[in-house]
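A look at the structure
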Amino acid sequence: MGPGAGAMSADAATAADAARAADAARAAGPVRVVGAARAAGPARAAGSGPSAVDRATKRTRVLAVLDAAQAEAVVLRSHTAVSWYLDGARTHVGLAGDPVVWVVVDRTGDLVVTTANERDRLAAEELPPELPVAALPWHEPLATAVPPGAVDESMLAGPLRQARASLLPAEAARFAGLGRDCAEVLTDTLTTTRPDETERALAARVAAALAARGTDPLTVLVGGASRAAHRHPLPTDAPLGGRAMVVVCGRRAGLIANLTRWVRFTPPTAAERATAARIRAVEEAFFQATTPGRTLADVLTEASAAYGAAGFEPDEWRRHHQGGAAGYHGRDPRAAPGGTDVVAVDQAFAWNPTAPGNKIEDTVLLTAEQPAVLTVDPRWPVTDGPRFPRPDELVRP
């Protein structure tokens, strides 16, 4: 791939405007807000500020991607890539909207691209202080300020995913704090729920508790007893009934923690306990297969065979995705046949093996020593596993 491969299209006038905007931003130097508490301000939760050391390492990784692609610059424009590169900056206004900030990375430095109405807030609350900013009128597309020849991140999607796979110390610490908070929210809400509470009411309490901890409730699924057949149960007005599943994907500082918990109001039968043990055995097969250097496709092939060995239908894995790498995207990427992404040390994973009426899921960091569960609350009941304790169903009186 040559330096111009994948360049964003622009006519002559747009290219000239882009060059002038980029040059002006670099000449002006970093945007600074006097008196702003940049890394520890109220916009970010405690301990979620950017790390200069981590940022420098990320830049080195992206430059290596450019070297391999024989490219001079790349424009990062997804929530995933921008939040990772800016070390946890919030890149959204609406949760369903496009990013309001892009980053152009080239060999001379980094250029943040946003609109004038977002510039001051981003500079005061989200951006590392050393970065220059090109701010456009709100009605102009951000692409206007991207220098000609910058490769779009979609052209380097695989290498960029691999560049962010290994979590650095500061972001691993932020991930652990996020995982703990998400787990505590589910403990708090599920220990106070009732069988007559509706799915929507429980989802609202979960979402509110996440927001109170500075966490975006990207996904809150609640499936009561009447909807146990659905593996992605969007909340309804149905009551929980005798048993319910709650799934959370919570985002803070760009990172996304994933976990599933079950609550019930009668003790499980012997058959139900045995089924839960079998789904834990499938999950263990996934973690046993997740070793550095292997592709996610190889992990999926090996671990999915555990369904048949555990007494489920051998093709059960085809009925729902099995999870994959975790981090700045819900799955980064989701494991699928033919995938070429490679497992890395210090990478997080959220495998979610599932069968009818059963599912298990946590976000786990694959360290050099042993896996570490990030979505953990010591108050939740657990069963010992071969690598780490696994969550049981919470039995309410």
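In the block above lies the structure referred to throughout.
As the structure is a prediction and not an experimental result, all values here were calculated from the model. (Residues numbered from 1 in each chain as written. Predicted model: local features only at pLDDT ≥ 70, side-chain atom pairs only at ≥ 80, totals over all residues. Heavy atoms only, no water.)

1. Some points on the layout of surface pockets
Keep this limit in mind: The definitions used throughout rest on a 1 Å grid laid over the protein atoms alone, on which a cavity is an enclosed set of points accommodating a 1.4 Å probe that cannot get out and a pocket is an open set flanked by protein within 12 Å on both sides along at least five of seven lines; lining residues are those having an atom within 4 Å of a point. Grid points are joined across faces, edges and corners, and a volume is the space filled by probe spheres set on the points. Strands are runs of DSSP state E lasting at least 2 residues, helices are runs of H or I lasting at least 4, and numbering of each runs from the N terminus. Each residue gets one of three labels, nonpolar for Ala, Val, Leu, Ile, Met, Phe, Trp, Tyr, Cys and Pro, charged for Asp, Glu, Lys and Arg, and polar for the others, Gly among them.
Approximately 390 Å³ is the volume attributed to the second largest pocket. Around the second largest pocket, the lining is made up of 20 residues, and of these Glu272, Ala276, Arg280, Asn358 and Glu393 lie nearest the centre. Contributions of two or more residues to the lining of the second largest pocket are made by strand S8 (255–264), helix H8 (270–289) and strand S12 (358–359). With six residues, H8 is the largest single contributor of residues to the lining of the second largest pocket. By residue class, the composition of the lining of the second largest pocket is seven nonpolar, four polar and nine charged.

2. As for the sheet that holds strand S9 (residues 323–326)
To keep things clear, this is the line we draw: Only when DSSP finds a minimum of two bridges between them are two strands counted as paired. Note on method: axes are straight lines fitted to C-alpha atoms, helices fitted across the in-contact stretch only, with angles between N-to-C directions ranging 0 to 180 degrees.
Taken in spatial order, the four strands of this open sheet run S9-S10-S13-S14, and their pairing is antiparallel. What marks the edges here is a single partner per strand, and that holds for S9 and strand S14 (371–373). Sheet twist, expressed as the average angle between the axes of neighbouring strands with direction ignored, equals 30°. Where strand S13 (residues 364–366) lies against S14, three bridges are found, and the strand directions are antiparallel. Directly across from Leu365, in S14, lies its bridge partner Ala372.

3. Some details on unusual backbone geometry
At the junction of Asp332 and Pro333, the peptide bond is cis and its omega measures out at 5° in the coordinates. Along the chain, the position of Pro333 falls in the loop between S9 and strand S10 (347–351). Located in the positive-phi region is Gln70, a residue other than glycine, with phi close to 55°. Tracing the backbone shows Gln70 in the loop between helix H2 (52–69) and strand S1 (73–76). Positive phi is not limited to glycine here, since Asp87 has a value of about 60°. Within the secondary structure layout, Asp87 lies in the loop between helix H3 (79–85) and strand S2 (102–106).

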